[in-house]
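# Secondary and tertiary structure notes
Below, each chain spelled out in residue letters.
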Amino acid sequence: MNFDLTDERQMLQDTLRRFLTDRYTTQVRNDILSIEAGQSVEIWTELAELGVVGALFTEDCGGFGGLGFDLAVVFEELGRAGVVEPFLDNAVLAGGLVAALGDETQRAQLDEVIQGRLQMALAHGEPTTRYDLSRVNTTAVEKEESIVLNGRKAVVVNAEAADVLVISAREAGAVDDEAGISLFLIPRDAQGLTVEGYALLAGGRAAEIVLEDVTIPASARLGVSGEAFAAIEDRIAAANVAICAETLGAMETATRLTQEYLMTRKQFGRPIGSFQALAHRMSDLLIEMEQARSAVINAAGHLESDRVIRERHVSAAKNLIGRAGRLVAEDSIQMHGGIAMTQEYELAHIAKRIVMAEHRFGDCDHHLERFIALSAA
Amino acid sequence: MDLSYSDEEIAFRREVRAFLQDKLPPELSGKVRAGKELAKADYEGWHAILNAKGWLAPNWPKAFGGAEWNAVQRHIFEDECALAYAPRIVPFGLSMLGPVLQKFGSKAQQDHWLPRILNGEDWWCQGYSEPGAGSDLASLKCAAVRQGDHYIVNGQKTWTTLGQHANMIFCLVRTDKDAKQQEGISFLLIDMETPGIEVRPIVLLDGSAEVNEVWFTDVRVPVANLVGEENKGWTYAKYLLTHERTNIAGVGFSQAGLAAVKRIAKSEISGGRPLIENPHFAARIAQVEIDLMAMSTTNLRIVSKAAAGQAPGVESSMLKVKGTIIRQQINDLARRAAGVYAMPFASEAVEGTNAPLPDPLAAGPVAKQYFNNRKLSIFGGSNEIQRQIIAKTTLGGAK
């Protein structure tokens, strides 16, 4: 057994941590949160130049990483700094699906993504699908040389900034069949496609997308008709590894801030950390941190395993991180008292990132049920 | 033992309900139900409606223009108001300062200030906490030095709720630096228009602007605005805090919140079925509902005791701890129920769900409320302080 990072990943972690410590301060981030676009193009470009996007792709797509542990290293650092730029949506999800299913022409676009010049987003979930991956109501119908899409997509993160959208639609089967789902590469400004955007509570932006007779050439399809589900499930697994690692990083910041506060804040003439009631709570958080770290390692280490093993570890991690994250966020706020309730204090944003991560790709209940189902399989 | 309300109490509940149905403007209850921030005029309008009926000050004696209800009546009133989504009564003048003036104020102070609280001429805010004095309130530093007929006040207060609307603030100030902490504090009434006062808003983590910092630089306050005796302010402050803790359990808020969770879970679709049919989520709802049923009775037991003239002791601390835990659990469930639609930053939206085709902001501010209500276990004496009070009283060392 060896739990050390490889030299390359260690270097990536060091570089990224140094960059974010210098460049992505609370002030810079809070300024980004207040701008209309919800993300900084400048920061995005700089991080792309640093190779952070490339680290999320495998070598055959022009990247130099792309495995579970690469995602874990990058996203833990992003989470630690509370980064709101859309690495997950742009690179892991949309970019990842193009990498998995695209033909040579389609994959050529990934160079632009890796260099930070092109943004993408995945439009998969719909208003009535909650966290179910196989439920797709949006339809795609072939008409001569073209394909016509109709439907609606919900809470598509990064939709407005994306030049290209990866959109799922059903070409065959019942509404919740795994078979029959296809993915299409569609420009955001395609005719019949409307994007209605809004800010997200924990930073960044999302949109509702309506597709009304959106007509695209058959060459816009990613991979084989009706066979996209396995790739979608695989990339959502990768996204869950990423979001678990990101949450772990955010939890580290939350516990660090809380530890510091307990040692410096004085009431009744002594540091509040000297009160046993708070000291024991802090200890519990640190215990949960170790559990959370192991859950992320388990999931990242099994991302390249066979489906059932992979999904079981991913659901286990998402469930554990959901529980531990909520505890860390809530207890960190509580132990800080009022100061953590203020928007300008670092913990406020970090706590929101932690809690709202549960709302992407399934909360701890969803993944508990999934874990049970996968264990019975 | 009889778990039912008396005939008089039932009639009273009916009267309150009919009044709310008749007089509570639907646009106001709509705002409360949707979790929107209320404007100053919303609060003032509701106060005026209650005042016209003589119900604005349920706990005040009739002699001062109050309703003089007993604890059970007050509980029924608060319960019905919460269930009807009435705006909360702004407590600073009515529940906090009013009782203090009635017990410790001079006749002149009572005659001047109490009617103005009822008719809305004054909006009071509370100057208690300071950056360095939170749980350890007695360590406060904001200083008042007497110069002839005035006190000169210098210092800072914080977490001043709705201070942006207030024209008056009641403050705890230090008038004797050398005395024992609790024995050098006085209770002052300060006009917010006085030169040297600055109010700075604090934006909270959910984007709301409900609390403020209040800064005092050489602020001149007439000695006539001292309540009671100099350096006896801690006694009055403690008396005020016992009033702040009425309705501390917030059972009505929890009941309204739980109903909202059920509405969301009924229309949110998971696995093709309403989320409320999901055994796991149904269990979560049931668990909180079971706790709330018991909490409601715990609350009534303590309320009945108070109605019989027994002052609640540690029980109010117990109500605060358990009541706020339950309210926060309900906020957590609402957030969970909304699924992906909890993510938008919905500052002003109606509550709703993912079915059939929702407005993107339809789930409403459930996540915002979840974060905002983290304050419940922090303010009014944090839950750690409440536990300490319970422990001291039961394990010894209590005075």
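Residues numbered from 1 in each chain as written. Chains lettered and ligands numbered in written order. Predicted model: local features only at pLDDT ≥ 70, side-chain atom pairs only at ≥ 80, totals over all residues. Heavy atoms only, no water.

The name given to chain B in an unreviewed UniProt entry is Acyl-CoA dehydrogenase family protein, with Roseobacter insulae as the source organism. What UniProt states about chain B under its Cofactor (unreviewed entry) heading is, verbatim, "FAD". (UniProt positions renumbered as here; feature names shortened; annotations may be inferred.)

Looking at an unreviewed UniProt entry, chain A carries the name Acyl-CoA dehydrogenase family protein, with the source organism given as Roseobacter insulae.

## Brief notes about the overall build of chain B
Each helix and strand in chain B was counted, giving 12 helices and 10 strands. For 399 residues, the compact-globule estimate of 2.2 N^0.38 gives 21 Å, and chain B sits close to it at 22 Å. Each principal axis of the C-alpha distribution contributes one length, and for chain B these read about 75 × 50 × 50 Å. When contacts within chain B are restricted to residue pairs at least 6 apart in sequence, long-range pairs at least 24 apart make up 71% of them. Here chain B has roughly 17,300 Å² of accessible surface; of this, 54% comes from carbon and sulfur atoms. (Helix = DSSP H or I, 4+ residues; strand = E, 2+ residues; numbered from the N terminus. Rg over C-alpha atoms; globule rule 2.2 N^0.38 Å. Contact = heavy atoms within 4.5 Å. Areas by Shrake-Rupley, 256 points an atom, 1.4 Å probe, with all protein chains shown as cover.)

## Remarks on the interface of chain B and chain A
With 55 residues of chain B at the interface, the matching set in chain A holds 47 residues. With both chains or domains summed, chain B and chain A bury close to 4,300 Å², and 58% of this area falls on carbon and sulfur atoms. Contact with chain A buries surface across chain B, with Leu205, Arg336 and Met343 of chain B losing the most and accounting together for 17% of the total. Here chain B and chain A share seven salt bridges between them. (Buried area = accessible area lost by both parts, 1.4 Å probe. Salt bridge = Lys/Arg side-chain N within 4 Å of Asp/Glu carboxyl O.)

## With respect to the UniProt feature "domain: Acyl-CoA oxidase/dehydrogenase middle" (unreviewed entry) in chain A
The sites that UniProt annotates as "domain: Acyl-CoA oxidase/dehydrogenase middle" (unreviewed entry) are residues 121-212 of chain A. The span residues 121-212 of chain A carries 0% helix and 53% strand; its end-to-end C-alpha distance comes to 19 Å.

## Some thoughts on helix α10 (residues 346-356) of chain A
Across the 11 residues of α10 of chain A, 11 count as buried, placing the element largely inside the fold. Three or more residues of α10 of chain A are buried, namely Glu346, Leu347, Ala348, His349, Ile350, Ala351, Lys352, Arg353, Ile354, Val355 and Met356 of chain A. Looking at the packing, one finds that the buried side of α10 of chain A touches α2 (26-34), α4 (68-80), α7 (229-264) and α9 (307-336) of chain A together with α10 (314-337) and α11 (366-372) of chain B. (Buried < 20%, exposed > 50% of the residue type's maximum accessible area, 1.4 Å probe, protein only.)

## A short note on the packing of helix α11 (residues 364-376) of chain A against helix α9 (residues 279-307) of chain B
For any two helices packed against each other, one specifies the inter-axial angle together with the distance between the axes. At a minimum axis distance of 10 Å, the contact between α11 of chain A and α9 of chain B shows a crossing angle of 135°. As judged from the angle between their axes, α11 of chain A and α9 of chain B are oblique. Note that α11 of chain A runs across α9 of chain B; the crossing there is right-handed. For the pair formed by α11 of chain A and α9 of chain B, the contact residues are Cys364, Asp365, Leu368 and Glu369 of chain A on the first element and His280, Phe281 and Arg284 of chain B on the second. For the contact of α11 of chain A with α9 of chain B, the residue count by class is three nonpolar, one polar and three charged. (Axes fitted to C-alpha atoms, helices over the stretch in contact; angles between N-to-C directions. Parallel < 35°, antiparallel > 145°, perpendicular 65-115°, else oblique. Left-handed = near helix turned anticlockwise from the far one by under 90°. Nonpolar A, V, L, I, M, F, W, Y, C, P; charged D, E, K, R; others polar.)

## Describing helix α4 (residues 71-83) of chain B
Residue pairs spaced three or four apart in an α-helix point in one direction, given the helix's 3.6 residues per turn. Residue and element names in this part refer to chain B. Here α4 contains 13 residues, and its C-alpha end-to-end distance of 18 Å stays within 8% of the 18 Å for a straight helix at 1.5 Å per residue. All buried positions along α4 are accounted for by Ala71, Val72, His75, Ile76, Phe77, Asp79, Glu80, Cys81 and Ala82. Residues of α4 that are buried make contact with α1 (7-23), α3 (40-53), α8 (251-267) and α9. For α4, the side-chain oxygen to backbone nitrogen distance between the N-cap and Val72 is 3.0 Å, and the N-cap itself is Asn70. Tyr85 sits one or two positions beyond α4 and adopts a positive phi of about 60°. (Expected span 1.5 Å × (residues − 1). Polar contact = N/O pair within 3.5 Å; in protein donor to acceptor, adjacent residues only side chain to side chain.)

## Examining the nonpolar core
Counting residues in each nonpolar core, the largest one holds 142 residues, and the members touching the most others are Phe57, Phe75 and Phe87 of chain A. Looking at which element gives the most residues to this core, the answer is α7 of chain A, with 19 residues. If we skip the residues at most four places from it in the chain, Phe57 of chain A touches Gly63, Phe64, Gly65, Gly66, Ala91, Gly95, Gly96, Ala99, Leu110, Val113 and Ile114 of chain A. Leu24, Ala133, Ile169 and Leu226 of chain B belong to the second largest nonpolar core, which has 72 residues in total. (Core = buried A, V, L, I, M, F, W, Y, C linked by side-chain atoms within 4.5 Å.)

## Some words on the pattern of salt bridges
Using the criterion set out here, one finds 58 salt bridges over all chains in the structure. The closest approach of N and O atoms between Glu76 of chain A and Arg293 of chain A, which form a salt bridge, is 2.9 Å. With a gap of 217 residues between them, Glu76 of chain A in helix α4 and Arg293 of chain A in helix α8 (residues 276-301) connect regions that are remote in the sequence. Owing to a relative accessible area of 8%, Glu76 of chain A belongs among the buried residues under this scheme. Measuring nitrogen to oxygen at the nearest pair gives 2.8 Å for the salt bridge that ties Lys157 of chain B to Glu130 of chain B. With Lys157 of chain B in strand β3 (residues 150-157) and Glu130 of chain B in the loop between β1 (124-127) and β2 (143-147), this pair connects stretches of sequence that are 27 residues apart. For the residue pair Lys157 of chain B and Glu130 of chain B, the accessibility class agrees, reading buried in each case. A single salt-bridge network, built from bridges that share partners, covers Glu233, Asp234, Arg235, Arg307, Arg310, Glu311 and Arg370 of chain A.

## Considering the pairing of strand β3 (residues 146-157) of chain A
All names here are of chain A. Of all 12 residues in β3, nine are buried; the element is thus mostly enclosed. Where strand β2 (residues 139-143) folds back on β3, the antiparallel hairpin that results is connected by two residues, among which Glu144 adopts a positive phi of roughly 55°. Strand direction decides the pairing type here: β3 and strand β7 (residues 205-217), joined by nine bridges, are antiparallel. By the bridge assignment for β7, Arg152 is matched with Val210. (Pairing = 2+ DSSP bridges.)

## A short note on the domain arrangement of chain B
All names here are of chain B. Annotation of chain B at the domain level lists domain 1 (7-89), domain 2 (124-233) and domain 3 (245-395). For domain 1 and domain 2, the distance between their C-alpha centroids amounts to 30 Å. The partner domain 2 presents five residues to the four residues of domain 1 that form the contact. For the pairing of domain 1 and domain 2, the buried interface totals around 380 Å² over both sides, and the portion due to carbon and sulfur atoms is 53%. Put simply, domain 1 and domain 2 have zero salt bridges between them. Linking domain 1 to domain 2 there are one residue pair in polar contact (both at pLDDT 80 or more). Along the lines of polarity and charge, the residues of the side of domain 1 that touches domain 2 split into one nonpolar, no polar and three charged. (Domains from an automatic or database assignment.)

## Quick notes on the domain arrangement of chain A
Many descriptions give the size of an interface as the accessible area lost when the pieces come together. Residues and elements named next belong to chain A. One can read the domain layout of chain A as domain 1 (7-119), domain 2 (121-226) and domain 3 (230-376). Inter-centroid distance (C-alpha atoms) of domain 2 to domain 3 is 31 Å. Opposite the 12 residues of domain 2 that make contact, domain 3 presents 14 residues. Carbon and sulfur atoms make up 69% of the area that domain 2 and domain 3 hide from each other, which totals about 1,100 Å². When the buried area of domain 2 at its contact with domain 3 is split by residue, Tyr131, Leu133 and Ala202 rank highest and sum to 56% of it. Counting the contacts that link domain 2 with domain 3 gives one salt bridge. Applying the counting criterion to the domain 2 and domain 3 interface returns one residue pair in polar contact (both at pLDDT 80 or more). In the side of domain 2 that touches domain 3, the residues fall into seven nonpolar, three polar and two charged.

## Description of the side chain of Gln119 of chain A
All names here are of chain A. In this fold, Gln119 is placed in the loop between α6 (104-114) and β1 (120-123). Here Gln119 falls in the buried class, since its relative accessible area comes to 10%. In this structure the side chain of Gln119 is engaged in a polar contact, spanning 3.1 Å, whose partner is the side chain of Gln39. Those residues in contact with Gln119 that lie beyond four places of it in its chain are Gln39, Trp44, Pro86, Asn90, Asn158, Ala161, Ala162, Asp163 and Val164.

## Some details on the confidence of the model for chain B
Looking at chain B, the pLDDT average stands at 90 and 93% of residues meet or exceed 70. For residues 348-360 of chain B, every residue scores under 50 in pLDDT, and the model assigns this stretch 50 contacts once sequence neighbours within four places are set aside. (pLDDT = per-residue confidence, 0-100.)

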